[in-house]
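Fold and contact review
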Number of protein chains: 2
Amino acid sequence: MNSEEPTLTTSKPIRADAQRNKNALLEAALDVFVTLGVDAPVREIAAKAGVGVGTVYRHFPERSDLIVAVFCREVDACADVAFSLEEEHSQFDALALWMQHYTSLIATKRGLAPALHSDDSAYSRLPSYFYERLRPALQKLLDGAIQAGEIRSDVEADDLLRAVVNLCMSAHDEANYVNRMVSLLIDGLRYKA
Amino acid sequence: MNSEEPTLTTSKPIRADAQRNKNALLEAALDVFVTLGVDAPVREIAAKAGVGVGTVYRHFPERSDLIVAVFCREVDACADVAFSLEEEHSQFDALALWMQHYTSLIATKRGLAPALHSDDSAYSRLPSYFYERLRPALQKLLDGAIQAGEIRSDVEADDLLRAVVNLCMSAHDEANYVNRMVSLLIDGLRYKA
DNA sequence: ACATTATATGGAGCAAAGTTCCGTATTTCA
DNA sequence: TGAAATACGGAACTTTGCTCCATATAATGT
């Protein structure tokens, strides 16, 4: 839905070049994380974004802040997809397609699932952001499908979100396994439609 | 059960001081891991064991080998406890006490649960060791309690082992929560004794 | 007991990666 | 256009995994 600076408490106007660099950094980081994993060196990301390391640390005081920012951005995008899917598909299809989309988010971004369960305080705000952003999106799809009589009504959004995270946690690189299990979950929703 | 050098393929006899240092290292590492976490610097462990870093790397070519060795040792100890408990308690009590012991193993050793689910190839041999060592121990206790008519008979050892790992994964530092859930699991076993 | 040899040790030093600092460059605004 | 505010780059510092090798220690045969 929204995409730009969410901070309504904008005390100071951000300089144009700073904003540009921040975006470039987020894009470069996503790219590098997918390729090299979240443990990729900061210098690598800085180089890919065409900035110096100093710039990275101005925007993201530490490594983990950059990781969190990238993940939050992806979570936002994933949540937003729910609304566009709902406009272009039947209730159930929208739900099924979203679950697929969500699953690939978790499966593709190595390090997201671990970060969600990390005891490192640097990642402590991730879980709440994650669930509070995605829960309403999925809930909306579930409600729609329930209203349409396409799925059962006793399923919690959180349970589904967690289930996928957990499945991906213990099944690295086994995309087929994960897809099979997620399909099974979705089919389970239709039981006693 | 066993405790000493398990390698039957002992090609060369190990020098006495080497063995001593290796043990000191394992002990120091466990200590440091519990205090500082598994990310503690190697130098710290070497210092605590009273050896140089070179010695650490002779015995454990890389950091992760030391971590794995420490965890395997703990797993061995935990499996062994099953037998002594069985001798001194009723079947059900032995089972309950062991589950408690096992739970604290997982909950206390930060980094064990994550390592079990890590996609880092350095930890790839941990999961199989873990389950293959603990499954028989728990199975024995379960069978005993089943024979005594104290618990139901349709529960898999693996399921219980995994359940505790998963519970601890998503509940850092919430010992109370974990204990409550594990108690619930154990009570569940008695349902329809 | 001692010499010989195989093995193990310690810790300086190297390399990689996170983070800081500050002189310089760019943007903003009047 | 000029001054003030802000941001930038990247050298340098720190931490940490790991290697190397001159030295020390244990095992073994005499």
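Within every chain, residues take consecutive numbers counted from 1 along the sequence as written. Labels are handed out in written order, letters beginning with A for the chains and numbers beginning with 1 for the ligands. Selection of residues for local features in this predicted model requires a pLDDT of at least 70, selection of side-chain atom pairs for listing and counting requires 80 or more, and totals for whole chains, interfaces and linings are taken over all residues.

Re the overall build of chain A
Under the convention used in this document: What counts as a helix is a DSSP run of H or I of at least four residues, what counts as a strand is a run of E of at least two, and both are numbered from the N terminus. For every residue, the other C-beta atoms within 10 Å of its own C-beta are counted; 20 or more classify it as buried, 12 or fewer as exposed, and values in between as partly exposed. C-beta atoms are placed from the backbone. Here, residue contact means that the backbone-derived C-beta atoms of the two residues sit within 7 Å.
When you go through chain A residue by residue, the secondary structure sums to nine helices and zero strands. Start at the N end of chain A and walk to the C end: the helices and strands fall as α-α-α-α-α-α-α-α-α. Projected onto the principal axes, the alpha-carbon positions of chain A cover approximately 60 × 35 × 30 Å. Residues counted as buried form 30% of the 193 residues belonging to chain A. Across chain A, contacts joining residues at least 24 apart in sequence account for 64% of those joining residues at least 6 apart.

Considerations on the packing of helix α1 (residues 16–36) of chain B against helix α4 (residues 63–88) of chain B
All names here are of chain B. Basically, it comes down to this: To obtain each axis, a line is fitted to C-alpha atoms, and for helices this fit is confined to the stretch in contact; angles are then taken between N-to-C directions over 0 to 180 degrees. Working definition: roughly parallel below 35 degrees, roughly antiparallel above 145 degrees, roughly perpendicular at 65 to 115 degrees, and oblique for all remaining angles. Each residue gets one of three labels, nonpolar for Ala, Val, Leu, Ile, Met, Phe, Trp, Tyr, Cys and Pro, charged for Asp, Glu, Lys and Arg, and polar for the others, Gly among them.
Running from N to C, α1 and α4 cross one another at 90°; their axes reach a closest spacing of 10 Å. Here α1 is positioned roughly perpendicular relative to α4, judged by the angle of their axes. Of α4, the residues touching α1 (which contributes Leu26, Ala29, Leu30 and Phe33) are Leu66, Ala69, Val70 and Arg73. Its residues assigned to classes, the contact of α1 with α4 shows seven nonpolar, no polar and one charged.

Quick notes on helix α5 (residues 91–108) of chain A
Residue and element names in this part refer to chain A. Note the threshold: Here the expected length of a helix is defined as 1.5 Å per residue gap, with one fewer gap than residues.
For α5, which comprises 18 residues, the first-to-last C-alpha distance of 26 Å matches the rise-based estimate of 26 Å (1.5 Å per residue) to within 8%. Looking at α5, one finds that the buried residues are Ala94, Leu95, Ala96, Trp98, Met99, Tyr102, Thr103, Ile106 and Ala107. For α5, the elements touching its buried residues are α4 (63–88), α6 (112–116), α7 (125–147), α8 (157–169) and α9 (175–190).

Some points on the protein's contact with DNA strand C
Defined as follows: Put plainly, near means the residue's C-beta atom, positioned from the backbone, lies within 6 Å of the molecule or strand in question.
In the neighbourhood of DNA strand C, 25 residues make up the surrounding shell, with Ala16 of chain A together with Asn21, Val51, Gly52 and Gly54 of chain B lying closest. Mapped by element, the contributors of at least two residues to the surface near DNA strand C are α1 (16–36), α2 (42–49) and α3 (53–59) of chain A together with α1 and α3 (53–59) of chain B. Ranked by residues supplied to the surface near DNA strand C, first place goes to α3 of chain B with four residues. Classifying every residue of the surface near DNA strand C by side-chain character gives eleven nonpolar, five polar and nine charged.

Notes on the relation of the copies chain A and chain B
What relates the two chain copies is a rotation about an axis together with a slide along it. Here is the rule we go by: To superpose the copies, least squares is applied to the C-alpha atoms of every residue with a pLDDT of at least 70 in both.
Overlaying chain A with chain B gives an RMSD of 0.1 Å, the required rotation being 178° about an axis along which the chain moves by 0.4 Å. Expressed as an axis order, the relation between the two copies is that of a two-fold axis. Taking C-alpha positions as reference, the residue of chain A nearest the rotation axis is Pro114 of chain A, located at 3.9 Å. When the interface residues of chain A are mapped onto chain B, 89% of them again fall at the interface, so both copies present the same face.

Notes on α7 of chain A
Residue and element names in this part refer to chain A. Filter applied, for reference: In this scheme, the bend at a residue equals the angle between the axes fitted to the seven residues that finish there and the seven that begin there.
Between its first and last C-alpha atoms α7 spans 33 Å; for 23 residues at 1.5 Å apiece the expected length is 33 Å, and the two agree. Within α7, the axis deviates most sharply at Arg135, by approximately 25°, and proline Pro136 lies no more than four positions further along. Listed in full, the buried residues belonging to α7 are Leu126, Phe130, Leu134, Ala137, Leu138, Leu141, Leu142 and Ala145. Next to the buried residues of α7 lie α4, α5, α6 and α8.

A word on the protein's contact with DNA strand D
By nearness alone, 24 residues border DNA strand D, and Val51, Gly52, Gly54 and Thr55 of chain A together with Ala16 of chain B come closest of all. Sorting the residues of the surface near DNA strand D by element identifies α1 and α3 of chain A together with α1, α2 (42–49) and α3 of chain B as the ones contributing at least two each. Per element, the largest residue contribution to the surface near DNA strand D is four residues, and it comes from α3 of chain A. Among the residues making up the surface near DNA strand D, the classes are represented as ten nonpolar, five polar and nine charged.

Observations concerning the nonpolar core
Basically, it comes down to this: Think of a nonpolar core as buried Ala, Val, Leu, Ile, Met, Phe, Trp, Tyr and Cys residues chained together by C-beta atoms that fall within 7 Å.
Core analysis: the largest hydrophobic core is formed by 52 residues, its most contacted members being Ala29, Val164 and Cys168 of chain A. For this core, the secondary-structure elements that each account for two or more residues are α1, α2, α4, α5, α6, α7, α8 and α9 of chain A. Here Cys168 of chain A is in contact with Ile106, Ala107, Ala113 and Val178 of chain A, once residues within four sequence places are set aside. Among the nonpolar cores identified, the runner-up in size contains 50 residues, and Trp98, Ala145, Val178 and Val182 of chain B belong to it.

A few points about the confidence of the model for chain A
The condition that has to hold: Predictor confidence is given residue by residue as pLDDT, running from a minimum of 0 to a maximum of 100.
The predicted model of chain A has a mean per-residue pLDDT of 90, with 92% of residues at 70 or higher. Here residues 1–9 of chain A scores under 50 on pLDDT; set against residues more than four positions off or in separate chains, the count is three contacts.

Brief notes about the environment of Gly37 of chain A
Residues and elements named next belong to chain A. Summarising the element assignment, Gly37 is placed in the loop between α1 and α2. Using a count of 13 C-beta atoms within 10 Å as the deciding quantity, one classes Gly37 as partly exposed. With 40 residues separating them in the primary sequence, Gly37 and Ala77 have C-alpha atoms 20 Å apart. Those residues in contact with Gly37 that sit more than four places away from it in its chain are Arg110 and Gly111.

What to know about the environment of Ile106 of chain A
All names here are of chain A. Relative to the assigned elements, Ile106 resides in helix α5. Overall, Ile106 belongs to the buried group, with 23 C-beta atoms counted inside 10 Å. Spatially, the C-alpha atom of Ile106 lies 9.1 Å from that of Met169, the residues being 63 residues apart in sequence. Once residues lying within four places of it in the same chain are set aside, the contact partners of Ile106 are Leu112, Ala113, Val164, Val165 and Cys168.

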